[in-house]
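Listed below, chain by chain, are the residues.
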Amino acid sequence: MSVVVEVLVLGFLISALYALAALGFTMIFGVAGVLNLAHGAFAMVGAYVAIGALDRGLSLPLAALVAVVGMALFAPLFYWLIVRPVERHPILVMLGTLLAAVVLEQIVGLSFSFNSQILPPLVGGSFSLLGVRVTYDRVVASAIALAVITGLWLFIHKTPQGKAILALSMERKGAALVGIPARRVILGVWAISGALAAVAGLFIASFMGISPLEERALLVIAFSIVVLGGLGSIPGSLWAAFIIGFSETVVQQVAPEAQGLASLALLMLVLTLRPQGLLGRAAA
Amino acid sequence: MSAMNALLQVQRLSKAFGGLQAVSDLSFDVHEGEILGLIGPNGAGKTTLFNLITGVHKPDRGRVIFQGQDITGWPTYKIVNAGIARAFQIPRPFRHKTIAANVEISLIPNGLFARGGSRRARARRVREICRRVGLCALWPEGARRGCDLSGDGDGDCPCRRELPDVLPQAGLRKLEIAKAVATDPKLLLLDEPFAGLAPAEVEELSALIRELREEGRTLVVVDHNMRGLMRLVDRVIVIHFGQKLAEGTPDEVARDPAVQEAYLAGTIEEE
Amino acid sequence: MSHRSRLRSRLRSRSRSRSRTARLVKLGGALLALALLLGLPYWLPLLVPAMQQNPFLLYKWLNVLVAANVLAILGMSWDLLGGYAGQISFGHSLFLGLGAYTTAILSVLYGWNPWLIIALGGLVAAVGGLLVAAPALRLHGPYLSLMTLVAALAFDRLMRWLKPEVGIPGAEGAILCVPHCVLTLDAVLKYYYSLGLMLLTALLLWALTRSRVGLALEAVRDDEAAAQAAGLNAAKYKTLAFGVSSFFAGIAGAFYVYHIGSAAPADVLNLQRSVEAIAVAVLGGMGTIFGAIGGALFFKVFEELLRPAGTLRFALLFSLALLILLLVRSGALGRLWAGLRPRPSPPREGAEAPPTVASASETEEAEVEVKAKPS
């Protein structure tokens, strides 16, 4: 019984964090057709910005704010400098963002260390739920993740700026015809994507710890979720985040040594059976 | 209609995309050695029909039988190798490859150790086909000396130097036909070959189509406009909303009241 | 001889001589590069006097070049799959690793002839490549790239989990196979072995891409539907590309084990190896095969030159690669190669005038222009 509760609580938290990590990635693909392979590095850098701010004596909430705002500014800059010059060549975009990710790994690793670091929990204390100890920190993290995802959904569907993003992800030419400034919207999406990555990075650093090379694992998780859900599909990504999050949690409880392997095998299976993802459209 | 001289039999073919019934319960035969016109207004399902015959789409119902063999659901390349080739409505050349290489691609056998002839033999065949469909004639005489089969001319044919981008619309059509002919088809499907061509070019292409028939090939020519086809084809099938509306000689079909109605009374009459 | 025909023949001979010059320059350049590589152990000490006093300095650089040759093989194998077949693999470390682990295990257990073991490493990698190709045939674009990436990661996890008990087990599933996996202790000889293997790979892959198979691969890459309509079995050609590419990547991994004496997940199964393979192939020029050689030489030589920068060198190296990518876009070396290749002349932009049968009324200039470049 307690195992089931443990899986449910932990699985929900992990899934929500994975969803956060994946949403920015899928939005950038949806709107600009760009596979940003430095997305994992964004999350990692976000976490380290917070760690650096903490080291300089900032309080945790303030450090987190610095990280989120910092990444919201860094991501559009990254787009302008590294992605835009090669935007028309998907292969060069992939290679460029991959190289940039390795450079970011090295820079962070040299500035801090290549060892794993942990962010302190946002709130202390815990309570017991059906015999399972649940920290308030996890509850708060899950709540924040859910709030961010809901907020994003409302933003996209209810505001004019959000609708512009939606329109652009559906039909680029059509969006241009009705006067949507594609360049500006794309910059905005990069900013949102950077902020989301930072939030995901902060929570992941706080629950599981983070190291510079960890960004590759984050990228693979985001990539997997997005492909599983269908590239460019936000609801698909949410579904996929929960499938991968829960299956990883279950495997961790049942056969810890097979962790990582199981979700990869699952992903390969789904890709083989349903090449366009769960809710996907064919990739360009 | 006897099955004896039917090269291709389309039997009760149906295909829907979502709610749109593109082809519905369509049956007809293509006889060996004829030029068959397939006519219908835009959106009548002509291109879908070609896609079903060549295996690009799988039909919901019905069968396609070629030379007595059921080829329904075969992959495209297998159907092509069985002897059905198709020239696309919108020419889609391999843009980064020379004109000659575009044609040569159709000559490559699939077996890795298959005897695909020597490189020299393939080059010769490519030159033959380029001349055959009139691609070489697009250049002034001096530049195309290399195309002559008699001369040594290897490497000097403009088709071996130039990319498809240099070709005008009529040239791209010819390249499409060259690519299809290079697969040595028994049955050649031409999708709107006359669209956007000047009258002189239409005449030239019609002559080429007749010549291909003289070589023993069977042709199906699709058009939304009957005028150009009247003197070219032996038989016409009119398709409307994915169904067969009429079938017969060009004269019979042109007089058919149902056809005239479908075409807003008289737009397809001769002259 | 009329004025017109004189113009014509002058034009033709000019274009002919131009393509002949290009061919000569290319051939000359290739021969010069070959001679430089073959004579390197002899001319390098003459150029760097320090190497005459200290032979170990020479050996160190020869080892750098051995690594460059291995990376070149890996890059060329990636180029066949990515540049020619259009299948962008992020998982070449999988094939590299399969070759490396096969070699490490076989050399310890059986100690057969090294070249036999290296060939077997390639074969095992090829089998792995075919296994990946089976699901990959159904996937396109980023989906395919992810598939290869995931396959490589899964193998990495598998090795760390299994921890093969062969040779001297190292950390996290590594195998130390020294002294079983030693080809030669002579650094110069090892350089020539690696060079020979690299050149052989280049020659075989180049011949393949120049054959009808190469043309078929490019057709499948550029427009799969049109290739099918031309009667080409796209799945078969893609599978072939996966098999051949993974074979040579496996050879690279196998030789690498004989070079450094171990197979470790953090080394041969590192995602960074896949990134390097893509980087050298793309920076050298995709779809050229030989470009990857230049890319690999550049990459490894700079990695060594940046050694004084200490821990900073990888950041600098990858930044440099990124900078080159952004500045030159499609590869500096690639452009050089493209310039030397007897390529069909690209049509000028905005040229609408179709080349038509020259009529008598046409002016001299117009006809000459049409002949030179119907655009």
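Refer to the structure printed above.
Criteria and cut-off values
- Per chain, residues are indexed from 1 in the order of the written sequence.
- In the order they appear in the text, chains get letters beginning with A and ligands get numbers beginning with 1.
- At least 70 in pLDDT is required for a residue's local features to be given in this predicted model, at least 80 for side-chain atom pairs to be given and counted, and no such filter applies to totals for whole chains, interfaces and linings, which use all residues.
- The basis for the side-chain values is all heavy atoms of the structure; hydrogens and waters are excluded.
- With a 1 Å grid laid over protein atoms only, a set of points is called a cavity when a 1.4 Å probe fits there but cannot get out and a pocket when it is open yet has protein on both sides within 12 Å along at least five of seven lines; lining residues have an atom within 4 Å of a point.
- Grid points are joined across faces, edges and corners, and a volume is the space filled by probe spheres set on the points.
- Only DSSP runs of H or I covering at least 4 residues are called helices, and only runs of E covering at least 2 are called strands; the numbering of each starts at the N terminus.
- Two strands are counted as paired when DSSP detects at least two bridges linking them.
- We call a pair of cysteine sulfur atoms a disulfide whenever their separation is within 2.5 Å.
- Here's how the labels work: a residue is buried when its accessible area is under 20% of the maximum for its type, exposed when over 50%, partly exposed in between, all with a 1.4 Å probe on protein chains only.
- Contacts are assigned to residue pairs that have any heavy atoms within 4.5 Å of one another.
- What gets called buried area is simply the loss in accessible area from a 1.4 Å probe that two parts show on being joined, summed for both.
- Salt bridges are defined as contacts in which a side-chain nitrogen from Lys or Arg sits within 4 Å of a carboxyl oxygen from Asp or Glu.
- Within 3.5 Å is the distance limit for a polar contact, defined as a pair of N or O atoms, with the added protein rule that one can donate a hydrogen and the other accept it, and that residues adjacent in sequence qualify only through two side-chain atoms.
- Between the rings of Phe, Tyr and Trp (Trp by its six-membered ring), a pair exists once the centres lie within 6.5 Å; its type follows the angle of the planes, with under 30 degrees stacked, over 60 edge-to-face, and the other angles tilted.
- Think of a patch as exposed residues, more than 30% relative accessible area, with no salt bridge, where like charges cluster within 9 Å and nonpolar side chains (Val, Leu, Ile, Met, Phe, Trp, Tyr) cluster within 5 Å.
- Where accessible areas are quoted, they stem from the Shrake-Rupley method and a 1.4 Å probe; at the residue level, only the protein chains shown are allowed to cover.
- Working convention: axes come from line fits to C-alpha atoms, limited for helices to the stretch in contact. Angles between N-to-C directions cover 0 to 180 degrees.
- Throughout, the term roughly parallel applies to angles under 35 degrees, roughly antiparallel to angles over 145, roughly perpendicular to angles from 65 to 115, and oblique to all others.
- The hand of a helix crossing depends on one turn: near helix anticlockwise from the far one by less than a right angle means left-handed, and clockwise means right-handed.
- Residues are grouped as follows: nonpolar covers Ala, Val, Leu, Ile, Met, Phe, Trp, Tyr, Cys and Pro; charged covers Asp, Glu, Lys and Arg; every other residue, Gly included, is treated as polar.
- Expected helix span is given by 1.5 Å per residue-to-residue step, counting one fewer step than there are residues.

Caption draft 1: Seen up close, empty space enclosed by the protein. By the definition in use, this model includes six cavities of 30 Å³ or more. Reported here for the largest cavity is a volume of approximately 80 Å³. If you trace the largest cavity, you find it lined by Ala85(B), Arg86(B), Phe88(B), Ser106(B), Glu176(B), Lys179(B), Ala180(B), Thr183(B), Ala226(C), Ala229(C) and Ala230(C). Secondary-structure elements contributing two or more residues to the lining of the largest cavity are strand E6 (84-87) and helix H6 (169-182) of chain B together with helix H9 (224-229) of chain C. Sort the elements by how many residues they give to the lining of the largest cavity and H6(B) lands first, with three residues.

Caption draft 2: Layout of the sheet that holds strand E2 (residues 175-176) of chain C. In space, the three strands of this open sheet follow the order E1-E2-E3 (chain C), with antiparallel pairing throughout. One side of each edge strand has no neighbouring strand; the edge strands of this open sheet are strand E1 (168-169) and strand E3 (262-263) of chain C.

Caption draft 3: Seen up close, the state of the cysteines. A full pass over the atoms with the stated rule returns one disulfide over all chains. There is a disulfide in this structure between Cys177(C) and Cys181(C), and the S-S distance comes to 2.1 Å. Residues Cys177(C) and Cys181(C) share a disulfide whose torsion about the S-S bond is about 85°; that sign makes it right-handed. Here Cys177(C) matches Cys181(C) in class, with each residue buried. Here Cys130(B) stays free of any disulfide, with the sulfur of Cys159(B) as its closest cysteine sulfur at 4.0 Å. A relative accessible area of 1% places Cys159(B) in the buried class.

Caption draft 4: Quick peek at the interface of chain C and chain A. Contact with chain C, which involves 38 residues of that partner, is made by 41 residues of chain A. When chain C packs against chain A, close to 3700 Å² is buried across both sides, 81% of that on carbon and sulfur atoms. In this assembly, chain C and chain A are joined by zero salt bridges. Joining chain C to chain A, the criterion identifies two residue pairs in polar contact (both at pLDDT 80 or more).

Caption draft 5: Molecular detail of the packing of aromatic side chains. Residues and elements named next belong to chain A. The final tally for this structure, using the stated rule, is 21 aromatic pairs over all chains. Between Phe-25 and Phe-223, the aromatic rings sit 5.6 Å apart at their centres with planes inclined by 55°, giving tilted as the arrangement. Pair noted here: Phe-25 is in helix H1 (residues 2-32) and Phe-223 is in helix H9 (residues 215-229), with a separation of 198 residues, a long-range link. Exposure remark for Phe-25: the relative accessible area of 1% places this residue in the buried category. Take Phe-223: its relative accessible area is 0%, and that puts it in the buried class.

Caption draft 6: Quick look at a nonpolar patch on the surface. All names here are of chain A. Taken together, the side chains of Leu-62, Leu-65, Val-69 and Leu-73 define a hydrophobic patch exposed on the protein surface, amounting to about 400 Å² of accessible area. In this fold, Leu-65 is placed in helix H3 (residues 60-83). For Leu-65, a relative accessible area of 52% corresponds to the exposed category.

Caption draft 7: Broad picture of the packing of helix H8 (residues 212-222) of chain C against helix H10 (residues 234-260) of chain C. Residues and elements named next belong to chain C. Between H8 and H10, the shortest axis-to-axis distance is 10 Å and the interhelical angle comes to 115°. With respect to H10, the axis of H8 lies roughly perpendicular. Crossing hand, H8 versus H10: left-handed. Taken together, the residues of H10 that come into contact with H8 (itself represented by Val-213, Ala-216, Leu-217 and Val-220) are Ala-234, Tyr-237, Lys-238, Leu-240 and Ala-241. For the contact of H8 with H10, the per-class residue count stands at eight nonpolar, no polar and one charged.

Caption draft 8: View of the sheet that holds strand E9 (residues 235-240) of chain B. All names here are of chain B. Spatially, E6-E7-E8-E3-E9-E10 is the arrangement adopted by the six strands of the open sheet, whose pairing is mixed. Among the strands making up the open sheet, the edge pair consists of E6 and strand E10 (243-248). Put simply, the sheet's adjacent strands are angled 20° from each other on average, direction ignored. The pairing of strand E3 (residues 35-39) with strand E8 (residues 218-223) spans five bridges and is parallel. Along E8, the bridge assignment pairs Gly-37 with Val-221. Against the sheet, helix H1 (residues 46-53) touches E3, E6, strand E7 (187-191), E8 and E9, its axis set at about 150° to E7. Helix-sheet contacts for helix H7 (residues 199-214) involve E3, E7 and E8, and the interaxial angle to E8 is about 155°.

Caption draft 9: Geometry of the packing of helix H4 (residues 92-109) of chain C against helix H5 (residues 114-136) of chain C. All names here are of chain C. Close contact between H4 and H5 brings their axes to 8 Å; oriented N to C, the two are set at 140°. As the angle between them shows, H4 and H5 are arranged oblique. Note that H4 runs across H5; the crossing there is right-handed. For the pair H4 and H5, the contacting residues are Leu-94, Phe-95, Leu-98, Gly-99, Thr-102, Thr-103, Leu-106 and Ser-107 in the first and Ile-117, Leu-120, Gly-121, Val-124, Ala-125, Gly-128, Gly-129 and Val-132 in the second. Partitioned by chemical class, the residues of the contact of H4 with H5 number nine nonpolar, seven polar and no charged.

Caption draft 10: Expanded view of helix H13 (residues 291-305) of chain C. In this model, H13(C) (15 residues) spans 21 Å end to end at C-alpha, consistent with the 21 Å of a helix rising 1.5 Å per residue. Restricting attention to buried positions, one finds in H13(C) the residues Gly291(C), Ala292(C), Ile293(C), Gly295(C), Ala296(C), Phe299(C), Lys300(C), Glu303(C) and Glu304(C).

Caption draft 11: Representation of the pairing of E6(B) in the model. All names here are of chain B. Residues Ile-84 and Arg-86 point to one face of E6 and Ala-85 and Ala-87 to the other, with burial holding for every one of them. Judged from the four bridges that link them, E6 and E7 form a sheet pairing that is parallel. Looking at the pairing, Ala-85 lines up with Leu-188 of E7.

Caption draft 12: Broad picture of helix H6 (residues 141-162) of chain C. Residue and element names in this part refer to chain C. Between its first and last C-alpha atoms H6 spans 32 Å; for 22 residues at 1.5 Å apiece the expected length is 32 Å, and the two agree. Among the 22 residues of H6, 16 are classified as buried, and the element is accordingly described as predominantly covered. Phi turns positive, to about 45°, at Lys-163, one or two residues after H6.

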